[in-house]
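Coordinate analysis (summary)
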Amino acid sequence: MRRKIIAGNWKMNMAGDEARMLAQGIRDRVQSVRHVEVLVCPAFPFLQEVGNVLRGSQVRLGAQNMHWEPQGAFTGEVSSRMLLTAGCQYVILGHSERRLYGGETDEQIRKKVAAALAAGLIPILCLGETLEERESGQTQRVVGGQLESAVQGVSREEMSPLIIAYEPVWAIGTGRSATPEMANEVHAFLRERAAGLWGTDAAEKIRIQYGGSVTETNAFGLFSQPDIDGALIGGASLKPDLFSTIVLMGAQHTGG
Ligand code: PGA
């Protein structure tokens, strides 16, 4: 059975005390949960502080982006080694907000995935279609293309830590989540694509999170689906009560 993984993407929210208090709130509320992997992804300047709050707990730390080069003249960028030094184990890559507002390309995302894997960070690779693409029947073509492009050249041996987050763009921050069946259909498709790339064993093991307006009201239904292995949560991850409720729902599906 794949272990569920629930991640909070704080985006450009929570500074200083707010970040510390949110981390404390989550840490204290999920301490009894054993079989779900839980992580939070604060903004860069607060990684270390949040990491200090989480030390000794089972809540892990992730970042929201990184550059593919190990170091150098890249003003404003952050490297894998910096993230590791700050205590990160995970890094979100290719989020649609970065693709859309940051002009991030498939090629850049491919380089980031390769760099994260090489550095020993666990990439959470985000993909998803826009509303227009869904309505014109292109969801599979789009997400399949995003996956294949992002992992080009990644071997079966290298891919095992990789996590995929299916996040339909139209569901992010809109309050309009995909239905569990709708999401599962895409997850199953992505797993099939993963099987084509790395074989069925690897595809059975890869974890695919759903993201896009996950709340305490829809999480349980989403987690009940066979191919949904957790969630990447934006808005609801900023409220310790909501986020921990979702984590507990994940735990109910994995036996604690
Ligand atoms: P949301 O964001 O939960 O606020 O829709 C999800 C995400 O962007 O990862």
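Everything numeric here is computed off the predicted structure, so don't read it as measured data.

So, how was this worked out
Residues numbered from 1 in each chain as written. Predicted model: local features only at pLDDT ≥ 70, side-chain atom pairs only at ≥ 80, totals over all residues. Heavy atoms only, no water. Core = buried A, V, L, I, M, F, W, Y, C linked by side-chain atoms within 4.5 Å. Buried < 20%, exposed > 50% of the residue type's maximum accessible area, 1.4 Å probe, protein only. Helix = DSSP H or I, 4+ residues; strand = E, 2+ residues; numbered from the N terminus. Contact = heavy atoms within 4.5 Å. Near = heavy atom within 4 Å. Polar contact = N/O pair within 3.5 Å; in protein donor to acceptor, adjacent residues only side chain to side chain. Areas by Shrake-Rupley, 256 points an atom, 1.4 Å probe, with all protein chains shown as cover. Nonpolar A, V, L, I, M, F, W, Y, C, P; charged D, E, K, R; others polar. Pairing = 2+ DSSP bridges. Axes fitted to C-alpha atoms, helices over the stretch in contact; angles between N-to-C directions. Salt bridge = Lys/Arg side-chain N within 4 Å of Asp/Glu carboxyl O. Parallel < 35°, antiparallel > 145°, perpendicular 65-115°, else oblique. Left-handed = near helix turned anticlockwise from the far one by under 90°.

Structural notes on the nonpolar core
Grouped together as the largest cluster of nonpolar side chains are 70 residues, with contacts concentrated most on Val50, Leu83, Leu125, Leu190 and Tyr210. The element contributing the most residues to this core is helix α9 (residues 180–198), with 6 residues. For leucine 190, the contacting residues outside a window of four places in its chain are Leu127, Val143, Leu147, Ile164, Tyr166 and Ile208. Residues Ile124, Cys126, Ala165 and Leu232 belong to the second largest nonpolar core, which totals 12 residues.

With respect to the site of the ligand
The immediate surroundings of the ligand are formed by 13 residues, with Lys11, His95, Glu167, Gly173 and Ser213 found nearest. Take histidine 95: an N or O atom from its side chain is 2.7 Å from an oxygen atom of the ligand. Backbone polar atom of glycine 234 to an oxygen atom of the ligand: 2.8 Å apart, as the coordinates give it. In isolation the ligand offers 290 Å² of accessible surface; the protein chains occlude 95% of this area. Grouping the amino acids of the shell around the ligand by side-chain chemistry returns 4 nonpolar, 7 polar and 2 charged.

Quick word on the sheet that holds strand β2 (residues 36–41)
Strand order in this closed barrel of 8 strands is β1-β2-β3-β4-β5-β6-β7-β8, and the pairing throughout is parallel. Between one strand axis and the next, the sheet turns by 25° as a mean value, whatever way the strands run. Bridging between strand β1 (residues 4–9) and strand β8 (residues 230–233) involves 4 bridges; their strand directions are parallel. Within the sheet, the bridge partner assigned to glycine 8 lies in β8 and is isoleucine 233. Relative to strand β3 (residues 59–63), helix α2 (residues 47–54) is tilted by about 170°, and along the sheet it contacts β2 and β3. Strands in contact with α9 are β5 (122–127), β6 (163–166) and β7 (207–211); relative to β7, the strand with the most contacts, it is inclined by about 150°.

Here's the deal with unusual backbone geometry
The backbone phi angle of lysine 11 is positive, close to 50°, even though this residue is not glycine. We note that methionine 14 has phi near 75°; this positive angle belongs to a residue other than glycine.

Structural notes on the pattern of salt bridges
Taken as a whole and assessed by the stated rule, the structure comprises 19 salt bridges. Each of Arg2, Arg191, Glu204, Asp227 and Asp229 takes part in salt bridges that share partners, so that together they form one network.

Quick look at the packing of helix α1 (residues 17–29) against α2
Describing two packed helices takes the angle between their axes plus the distance from one axis to the other. Contact pair α1 / α2: the axes reach a minimum separation of 9 Å and the direction vectors enclose 30°. Compared by their axis directions, α1 and α2 come out roughly parallel. Crossing hand, α1 versus α2: right-handed. Within the contact between the two elements, α1 uses Ala19, Arg20, Ala23, Gln24 and Arg27 and α2 uses Glu49, Val50, Val53 and Leu54. Of the residues assigned to the contact of α1 with α2, the class counts are 5 nonpolar, 1 polar and 3 charged.

Focus: the pairing of β5
Burial of β5 is extensive: 6 of the 6 residues sit out of reach of the surface. Here β5 shows a buried face lined by Ile122, Ile124 and Cys126 and a second buried face lined by Pro123, Leu125 and Leu127. One ladder, built from 4 bridges, connects strand β4 (residues 90–93) with β5; its direction is parallel. By the bridge assignment for β5, leucine 93 is matched with leucine 125. Direction of pairing for β5 relative to β6: parallel, over a ladder of 4 bridges. Of the residues in β6, the one forming a bridge with leucine 127 is tyrosine 166.

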